[in-house]
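Residue-level listing of the chains:
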Amino acid sequence: MQQDASAASEQVRRALEEICGNLAFTWQPDARELLERVDPRAWDRAGGSPGAFLGEVAPEELDRAAADDATREGVLRLRDRLARELTGPTWWQAAHGGEDVLVAYFSSEFGVDESLPIYAGGLGVLAGDHLKSASQLGLPLVGVGLLYRQGYFRQGLDEDGWQQERYPENDPDRLPVILERRDDGAPVRVAVELAGEQVGAHVWRADVGRVRLYLLDCALEENSDAGRAVTATLYGGDREQRIRQEVVLGVGGTRALHALGLAPTVFHMNEGHAALLTLERIRVLVRAGLRFDEALRRVRASTAFTTHTPVPAGHDIFDPDLAHRYLAPLVAEAGVSWGELAALARSYDDDPLFGMTPLALRTSGFANGVSELHGDVSRKMWRGLWPDLGEAEAPIGHVTNGVHAPSWVSAPIAALLDAHGVAPAAAPAAQRWERAHSLDPGALWAAHADSKRALLAAAERRGAVLDAEALTIGFARRFATYKRAGLLFSSPERLARLLFDPHRPVQILLAGKAHPADDAGKRLIQQVVRFARSAEAGGRVVFLEDYDLALARALVQGCDVWLNTPHRPLEASGTSGMKAGMNGVLNLSVLDGWWYEGYEPALGWAIGDGDPSNDADADRCDGESLFGLLEQRVVPLFYEDRPRWIEMMRASIASVGAAFNTHRMVCQYAEGLYLPAHRALAELESLAA
Ligand SMILES: *Cc1c(COP(=O)(O)O)cnc(C)c1O
């Protein structure tokens, strides 16, 4: 008996090791709950990090968990499910298995799990979801990024509602990453030159299902203080710090792949931060004997670039002297003069600045925006790069973003969908989402109510007391001014009438961080927080601190309505509304970004008049429209026609699930960009051979 018990403990221990060793657990709806059940205090001490959890589990808790049939069997079942994630047949094998493709996907941030805090917002979450779908689809892809020792900041608020930033140190021993080592046991190491100084980097690996994510880390003993600081924080520091990070990401990242023995055939730059990888690849080809123009042709053929925002601050530009100081040594080996190379990074003739977006666009054979509307906006924005082409001909297409459904759909809704044959985890299978139209209304409402209770419980743990019956509106995103969080507060009397209607009350949950250097964004948070804390708000408006992936999940799963009020056309895509929509949380949003494509009256509401050219007076018009919709449509429907509301939930799940998931998106990248790029490179190489 004694022996059986210790054998069971050992079995559970080994299963937990497998589960915690791969971030595929993040898209198993019951995984976090199960790990927490094994040892709640250890899960808490580990801060929800699988990397730290096992080291924290107390032996007697492990014995207890192993002796409990439900927990033990749950853990073993989860382990088996994860093993199938890594070995089962895939879409890629069936459709394109014969192609010897390897995609290297570069991004300055990755939002895979809250326990790996190397993301700031939508760009990183998209990158994380891209990896997750690539894994499930079987696409041969590796991620490349930076391991920030302090990540992005954690948000607090002072008594006056002013954002406080904390930068807790990420200890790699407690992160879900392992250090890449050579056969002789020494860490894999790459070096880059930063303004005359050699700076070394180690390479950590996070396993995301079948996909490997490589993260460069400059915090080495041997580096100078300045060298170690390069990968300290995400989006912190000045322009010089930024270009130093971009050299490490683009140049160091390319060298790291080589050091790991990988030879990608396609490079994908998620935003311009990684654009220097093209320069490094050209340099290597020139050193191998090609002329600059031949090298550029090969690099272009095999590079894809995705631009993510029309907001100017989202496009890195560098002072020419700064760029020269960091890039001249690379350019000297690339068979090209500094002047010619710098010309590739100009936005217009005589532009003195060195722009990463123009450089990326001129060195990529494939470029795209992240929604249909954003494709248009990007062609207009960058048409100057191709003076000989008409506006519509600028070579920028679009691949509309998506979200990774298994990561974002709540456990209760996922169980319902599974039982109904929707199976969001399976290959693209858009048509399966159609089945959501026939979900049982009572069961759907009950599943939604479960998710809502979980959200309200999470809010309660943070001190907010909310009403489980009240119509609950969510608004969570970066507090960039163009997102216009203030629109909701632009008519205080009308807002008060909505909040305090005794028969049809409304409550509003908000969350989001402002960039540390963005005082306007912080003032907006302060206004919202001051209001939320005032008697006027009566506890019906709540600001939840420290927006991250975990809080995002709770919000997009548990609200009734998801609000988005960007200033058109500045929301290139937006993805939180997609997460909400596939949970049956109805979108109420300006017709910008993805909603311009996704909106139908059967599944949500459109703020504004839908005319993308009507920009004048936008705040007043959109504010008027927002309150009109809430008063006349949203609130009455929620309280007076629940069957119709649930029908909209079903339509939202079916339509948003089918069109706005990353399985669809990654298939589009694979077939529309990666495969053509792979083949174009192979052709150029065979011509030269
Ligand atoms: C999805 C997500 C975002 C992006 O949301 P938008 O709607 O695009 O603003 C930002 N932060 C977190 C934590 C997210 O989960």
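Read on for an overview of the structure. (Residues numbered from 1 in each chain as written. Predicted model: local features only at pLDDT ≥ 70, side-chain atom pairs only at ≥ 80, totals over all residues. Heavy atoms only, no water.)

1. Some thoughts on the pairing of strand β18 (residues 561-564)
Note on strand geometry: in a regular strand, side chains alternate between the two faces of the sheet. Where burial is concerned, the two faces of β18 agree: the one with Val 561 and Leu 563 and the one with Trp 562 and Asn 564 are both buried. Pairing between strand β15 (residues 471-476) and β18: two bridges, direction parallel. Bridge pairing in β18 places Ile 473 opposite Val 561. Note on the crossover from β18 through helix α24 (residues 576-581) to strand β19 (residues 586-590): the handedness is right-handed. (Buried < 20%, exposed > 50% of the residue type's maximum accessible area, 1.4 Å probe, protein only. Helix = DSSP H or I, 4+ residues; strand = E, 2+ residues; numbered from the N terminus. Pairing = 2+ DSSP bridges. Right-handed = clockwise from strand over helix to strand, strands pointing away.)

2. Examining the packing of aromatic side chains
On inspection of all chains with the given rule, the structure shows 18 aromatic pairs. Judged by centre distance (6.2 Å) and plane angle (55°), the ring pair of Trp 445 and Phe 638 falls under tilted. Note that Trp 445 is positioned in helix α20 (residues 441-461) and Phe 638 in helix α26 (residues 618-640), a separation of 193 residues in sequence. With relative accessibility at 1%, the residue Phe 638 sits in the buried group. Its guanidinium or amino end placed over the ring of Phe 638, Arg 642 lies 4.2 Å from that ring's centre, counting from NZ or CZ. (Phe/Tyr/Trp six-rings, centres within 6.5 Å; stacked < 30°, edge-to-face > 60°. Lys NZ or Arg CZ within 6 Å of the ring centre and 35° of its normal.)

3. Quick word on the pattern of salt bridges
Inspection of every chain in the model, using the stated rule, returns 46 salt bridges. Residues Arg 212 and Asp 207 are paired through a salt bridge, measuring 3.9 Å at the closest nitrogen-oxygen approach. With a relative accessible area of 37%, Arg 212 lands in the partly exposed category. Two residues, Arg 644 and Glu 647, come together in a salt bridge whose shortest N-O distance is 3.7 Å. Here Arg 644 pairs with Glu 647, and both are found in helix α27 (residues 642-659), just three residues apart, close to one helical turn. Given the relative accessible area of 29%, Arg 644 is considered partly exposed. Given a relative accessible area of 43%, Glu 647 falls into the partly exposed group. (Salt bridge = Lys/Arg side-chain N within 4 Å of Asp/Glu carboxyl O.)

4. Some remarks on the site of the ligand
Around the ligand there are 14 residues in total, and Lys 483, Gly 574, Thr 575, Ser 576 and Lys 579 lie nearest to it. With respect to the ligand, the backbone of Thr 575 contributes an N or O atom lying 2.9 Å from an oxygen atom. At 2.6 Å from an oxygen atom of the ligand is found a side-chain nitrogen or oxygen belonging to Lys 579. Only α8 (122-137), α23 (549-558) and α24 provide two or more residues apiece to the shell around the ligand. A class-by-class count of the residues in the shell around the ligand yields five nonpolar, five polar and four charged. (Near = heavy atom within 4 Å. Polar contact = N/O pair within 3.5 Å; in protein donor to acceptor, adjacent residues only side chain to side chain. Nonpolar A, V, L, I, M, F, W, Y, C, P; charged D, E, K, R; others polar.)

5. Section: the packing of α26 against α27
The contact between α26 and α27 brings their axes to 6 Å, and the two run at 110°. Between α26 and α27, the crossing angle belongs to the class labelled roughly perpendicular. For the pair α26 and α27, contact is made by Val 634, Leu 637, Phe 638, Tyr 639 and Glu 640 and by Arg 642, Arg 644, Trp 645 and Met 648, respectively. For the contact of α26 with α27, the class distribution of residues is six nonpolar, no polar and three charged. (Axes fitted to C-alpha atoms, helices over the stretch in contact; angles between N-to-C directions. Parallel < 35°, antiparallel > 145°, perpendicular 65-115°, else oblique. Contact = heavy atoms within 4.5 Å.)

6. Notes on α27
Taking 1.5 Å of rise per residue, the 18 residues of α27 would be expected to cover 26 Å, and the 26 Å separating its terminal C-alpha atoms lies within 8% of that figure. Among all positions in α27, only Trp 645, Ile 646, Met 648, Met 649, Arg 650, Ala 651, Ser 652, Ile 653, Ala 654, Val 656, Gly 657 and Ala 658 are buried. (Expected span 1.5 Å × (residues − 1).)

7. Overview of the side chain of His 273
Within the secondary structure layout, His 273 lies in the loop between β9 (266-270) and α11 (276-287). Classification of His 273 by relative accessible area gives buried; the value is 8%. Beyond its immediate chain neighbours, meaning those up to four positions away, His 273 contacts Ser 108, Leu 123, Tyr 235, Arg 242, Glu 246, Leu 249 and Asp 316.

8. A look at unusual backbone geometry
Across the junction of Arg 568 and Pro 569, the peptide omega takes the value 5°, indicating a cis bond. Inspection of the secondary structure puts Pro 569 in the loop between β18 and α24. Phi at Tyr 235 takes a positive value of approximately 55°, unusual for a residue other than glycine. Inspection of the secondary structure puts Tyr 235 in the loop between α9 (225-228) and α10 (239-259). Of note, the phi angle at Arg 484 is positive, near 50°, even though the residue is not glycine.

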